[in-house]
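Listed here are the chains, written in short residue letters.
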Amino acid sequence: PKADFVKNLDSLPFIARHLLKKELYLRPDTMEPFTVIQASSGCPFECIFCSAIQGAGRVLRKRSPKDIVDETEECVNKFDILNIFMGSETFTCDKKWVLSICDEIIERGLKLNWYCNSRVDTIDRELAARMKKSGCFAVSLGVESGNQETLDKMKKGTSLLQAEEAVQILKDHEIKTYLYYIIGFPWETKEMIND
């Protein structure tokens, strides 16, 4: 039968990284060791295209900032892995939580490079500044389309203006942006795709 989702993610052990050959898992742009820290699971949004809901559910379940940064510190100090993806369907969903993670990284003096996935409507200047200070070097944004009608039909709940603003904020803070797009919805015309 289908298993229930784990409600308390802090109850899960850290990944047994001593069993992994870190030289096989490399950041593609620098070829340095890289790992994933699963920070949260689940997503409360209603996008019609996303398969993550099947695997992670619609309820956002977050690890505590301390638990996340404890694992981060283990990666940095014990395994010499300085490049981390903060695994989450939408890492920046809860601003206060993200700020707490950033503050914990900064307070511990951890020197690392991390990145995450985000929605365009969850980025602001305060968040970007703190993320950068704590080592964030890139954010992948789910822009999905350059056409507002398509965004509305896919129930993304964001606007083209929000996408432009999020990219500009991140660029202003010298954080790289990677943009996700989806092409081929049944209603799309060539013109909509070209947008």
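Our structure's up above, just so we're on the same page.
Residues numbered from 1 in each chain as written. Predicted model: local features only at pLDDT ≥ 70, side-chain atom pairs only at ≥ 80, totals over all residues. Heavy atoms only, no water.

Caption draft 1: Examining the overall build of the chain more closely. Each helix and strand in the chain was counted, giving 7 helices and 7 strands. Sequence-ordered secondary structure for the chain, helices as α and strands as β, is β-β-α-β-α-β-α-β-α-β-α-α-β-α. What you see for the chain is a C-alpha radius of gyration of 18 Å, in line with the 16 Å of a compact globule of 195 residues. Considering only C-alpha atoms, the chain reaches an extent of 50 × 50 × 35 Å along its principal axes. Split into buried and exposed, the 195 residues of the chain put 43% on the buried side. Intrachain contacts of the chain at a sequence separation of at least 6 include 71% that bridge at least 24 residues. Here the chain displays about 10600 Å² of accessible surface, and carbon together with sulfur accounts for 55% of that area. When the 27 positive and 30 negative side-chain charges of the chain are each reduced to one mean point, those points stand 3 Å apart. (Helix = DSSP H or I, 4+ residues; strand = E, 2+ residues; numbered from the N terminus. Rg over C-alpha atoms; globule rule 2.2 N^0.38 Å. Buried < 20%, exposed > 50% of the residue type's maximum accessible area, 1.4 Å probe, protein only. Contact = heavy atoms within 4.5 Å. Areas by Shrake-Rupley, 256 points an atom, 1.4 Å probe, with all protein chains shown as cover. Lys, Arg positive; Asp, Glu negative; His and termini not counted. Charge placed at Lys NZ, Arg CZ, Asp CG, Glu CD.)

Caption draft 2: Geometry of the packing of helix 3 (residues 95–107) against helix 4 (residues 125–133). Helix 4 packs onto helix 3 with a crossing angle of 30° between their chain directions and a minimal axis gap of 9 Å. For the element pair helix 3 / helix 4, the angle class is roughly parallel. Helix 4 is crossed by helix 3, and the crossing has left-handed handedness. Contacts from Lys-95, Val-98, Leu-99, Cys-102, Asp-103 and Ile-106 in helix 3 reach Glu-126, Leu-127, Arg-130, Met-131 and Lys-133 in helix 4. (Axes fitted to C-alpha atoms, helices over the stretch in contact; angles between N-to-C directions. Parallel < 35°, antiparallel > 145°, perpendicular 65-115°, else oblique. Left-handed = near helix turned anticlockwise from the far one by under 90°.)

Caption draft 3: Spotlight on the state of the cysteines. Summed over the entire model, instances satisfying the criterion amount to 0 disulfides. Free cysteine Cys-50: the closest other cysteine sulfur is in Cys-43, separated by 6.3 Å. The class for Cys-50 is partly exposed, based on a relative accessible area of 34%. No disulfide involves Cys-136; its sulfur sits 5.1 Å from the nearest other cysteine sulfur, which is in Cys-116. The class of Cys-136 is buried, set by a relative accessible area of 1%. (Disulfide = S-S within 2.5 Å.)

Caption draft 4: Inspection of a nonpolar patch on the surface at higher detail. Together, Ile-15, Leu-20, Leu-24 and Tyr-25 make up an exposed nonpolar region whose accessible area comes to about 400 Å². Within the secondary structure, Ile-15 sits in the segment before strand 1 (34–38). (Patch = residues over 30% accessible without salt bridge, like charges linked within 9 Å, V, L, I, M, F, W, Y side chains within 5 Å. Salt bridge = Lys/Arg side-chain N within 4 Å of Asp/Glu carboxyl O.)

Caption draft 5: Expanded view of the packing of helix 2 (residues 65–77) against helix 3. Packing of helix 2 against helix 3 brings their axes to within 9 Å, and their N-to-C directions diverge by 40°. Looking at the two axes, helix 2 sits oblique to helix 3. Read as a crossing pair, helix 2 and helix 3 show a hand that is right-handed. When helix 2 is examined against helix 3, the residues Pro-65, Ile-68 and Val-69 are found in contact with a partner set consisting of Trp-97, Ser-100, Ile-101, Glu-104 and Ile-105.

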